[in-house]
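The lines below spell out each chain.
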Amino acid sequence: MKAIIHNDWQEILVDQFQSPYYQQLREFLKEEYANHQVYPNMHDIWNAFEQTPYEKVKVVILGQDPYHGEHQANGLSFSVQKGVRIPPSLRNIYKEMQADLGIPPASHGDLTHWAEQGVFLLNSVLTVRKGEAYSHRGKGWELLTDAVIRALNEREKPVVFLLWGNASIAKKAFIDTKKHVVLTSPHPSPLSASRGFFGSKPFSKVNEALQKLGEKPIDWQIPEEEK
């Protein structure tokens, strides 16, 4: 079987890739990409996995499904391609980061810098049709990403999970909270951020948890584009 992901995730998920539900999902995606505008670009679907190998995962930030606006999604949850206007949820994440750590908001929304340090930016559903939020929900992605969370739960080395919003918090069912650190809050979207996302101090709490685990804290400051 040709590798879908080019690091240790491939072996961990190989049984999923060979399962009937994944084969059905694959056929569905072939049709969707052939007949509709789908995000992210086909080559970016597995970006979160490629950027953050299984053994390097320190933190998980779980999103729902990719942004459905033109050229936004880049395969990392909450992240957008450089040059694209920063979406409201990410603006709120930056706002909370400034309140929590004093880090001014970056001028772009590409979160690759986090992914490279072990922040696994996973969506529950990895693809979406243009302009149609949740259009690829219930097609098989959730089965795969549940398997991903279970695989991380089985790891010897503890992981810090940041679960924002009810859809993410539901995944807590797969996590051994005695072994791993789970931090929950409302979603950073404009609809719910003021109900407890603002003031939740997720970034300092993550770094505190990592230090207790003997891990290097995350440098949350997103580098500006080089001129």
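Note that this is a predicted model, so its numbers are computed, not measured.

1. Looking at the nonpolar core
Link 1 in the chain: If you look at the biggest cluster of nonpolar residues, it comprises 66 residues, and the most contacted ones within it are W9, W46, F49, I61, W114, F120 and W220.
Link 2 in the chain: For this core, the leading source of residues is helix α6 (residues 141-153), giving six residues.
Link 3 in the chain: Apart from the residues lying within four places of it in its own chain, the contact partners of W9 are F49, T52, P53, Y54, V57, F120, V148 and L152.

2. Remarks on the packing of helix α2 (residues 20-35) against α6
Link 1 in the chain: Remark: α2 packs on α6, axes separated minimally by 9 Å, with the N-to-C direction vectors making an angle of 130°. Relative to α6, α2 is oriented oblique. In contact with Y21, Y22, L25 and L29 of α2, α6 contributes W141, L143 and L144.
Link 2 in the chain: The class makeup of the residues in the contact of α2 with α6 is seven nonpolar, no polar and no charged.

3. Details of the side chain of D146
Link 1 in the chain: You can see D146 is positioned in helix α6.
Link 2 in the chain: Among the residues examined, D146 registers a relative accessible area of 16% and is labelled buried.
Link 3 in the chain: Setting aside residues no more than four positions away along its own chain, D146 makes contact with K171 and F174.

4. Considering the sheet that holds strand β6 (residues 181-185)
Link 1 in the chain: On the basis of which strands lie adjacent, the open sheet formed by four strands has the order β3-β2-β5-β6 and parallel pairing. If you trace the sheet from one side to the other, it starts and ends with β3 (119-123) and β6, each paired once. Strand-to-strand twist in this sheet, taken as the mean axis angle between neighbours without regard to direction, amounts to 20°.
Link 2 in the chain: Both strand β2 (residues 59-63) and β3 contribute to a ladder of five bridges, which runs parallel. Each residue of the ladder has a partner; that of G63, found in β3, is N123.

5. A short note on helix α1 (residues 9-17)
Link 1 in the chain: Of the residues making up α1, those classed as buried are W9, Q10, L13 and F17. Projection of α1 onto a plane perpendicular to its axis shows the buried side chains occupying an angular sector of 90°, all on one side. In α1, the exposed residues that point more than 90 degrees away from the buried face are E11 and D15.
Link 2 in the chain: Elements in contact with the buried residues of α1: α2, α3 (47-51), β3 and α6.

6. Quick word on α6
Working note: α-helix, 3.6 residues per turn, so residues spaced by three or four point in the same direction.
Link 1 in the chain: In this model α6 runs 18 Å from its N-terminal to its C-terminal C-alpha over 13 residues, within 8% of the 18 Å that 1.5 Å per residue would give.
Link 2 in the chain: Within α6, eleven of the 13 residues are buried, which leaves the element mostly enclosed by the surrounding structure.
Link 3 in the chain: Each element contacted by the buried residues of α6 is listed here: α1, α2, α3, β2, β3 and β5 (160-164).

7. Observations regarding the pairing of β3
Link 1 in the chain: By the criterion of burial, β3 is predominantly enclosed, with five of the five residues buried.
Link 2 in the chain: Judged by which residues are buried, β3 turns out to be covered on both faces: V119, L121 and N123 on one side and F120 and L122 on the other are all buried.

8. Section: the packing of aromatic side chains
Link 1 in the chain: Summed over all chains, the structure comprises 14 aromatic pairs.
Link 2 in the chain: With centroids separated by 5.3 Å and ring planes inclined at 65°, the aromatic side chains of W46 and F49 adopt a geometry described as edge-to-face. Across the pair, F49 and W46 agree in class, each one buried.
Link 3 in the chain: With centroids separated by 6.1 Å and ring planes inclined at 55°, the aromatic side chains of W114 and F203 adopt a geometry described as tilted. Taken as a pair, W114 in helix α5 (residues 112-116) and F203 in helix α8 (residues 202-212) lie far apart in primary sequence, 89 residues in all.

Conventions used here
Residues numbered from 1 in each chain as written. Predicted model: local features only at pLDDT ≥ 70, side-chain atom pairs only at ≥ 80, totals over all residues. Heavy atoms only, no water. Core = buried A, V, L, I, M, F, W, Y, C linked by side-chain atoms within 4.5 Å. Buried < 20%, exposed > 50% of the residue type's maximum accessible area, 1.4 Å probe, protein only. Helix = DSSP H or I, 4+ residues; strand = E, 2+ residues; numbered from the N terminus. Contact = heavy atoms within 4.5 Å. Axes fitted to C-alpha atoms, helices over the stretch in contact; angles between N-to-C directions. Parallel < 35°, antiparallel > 145°, perpendicular 65-115°, else oblique. Nonpolar A, V, L, I, M, F, W, Y, C, P; charged D, E, K, R; others polar. Pairing = 2+ DSSP bridges. Arc of directions from axis to C-beta. Expected span 1.5 Å × (residues − 1). Phe/Tyr/Trp six-rings, centres within 6.5 Å; stacked < 30°, edge-to-face > 60°.

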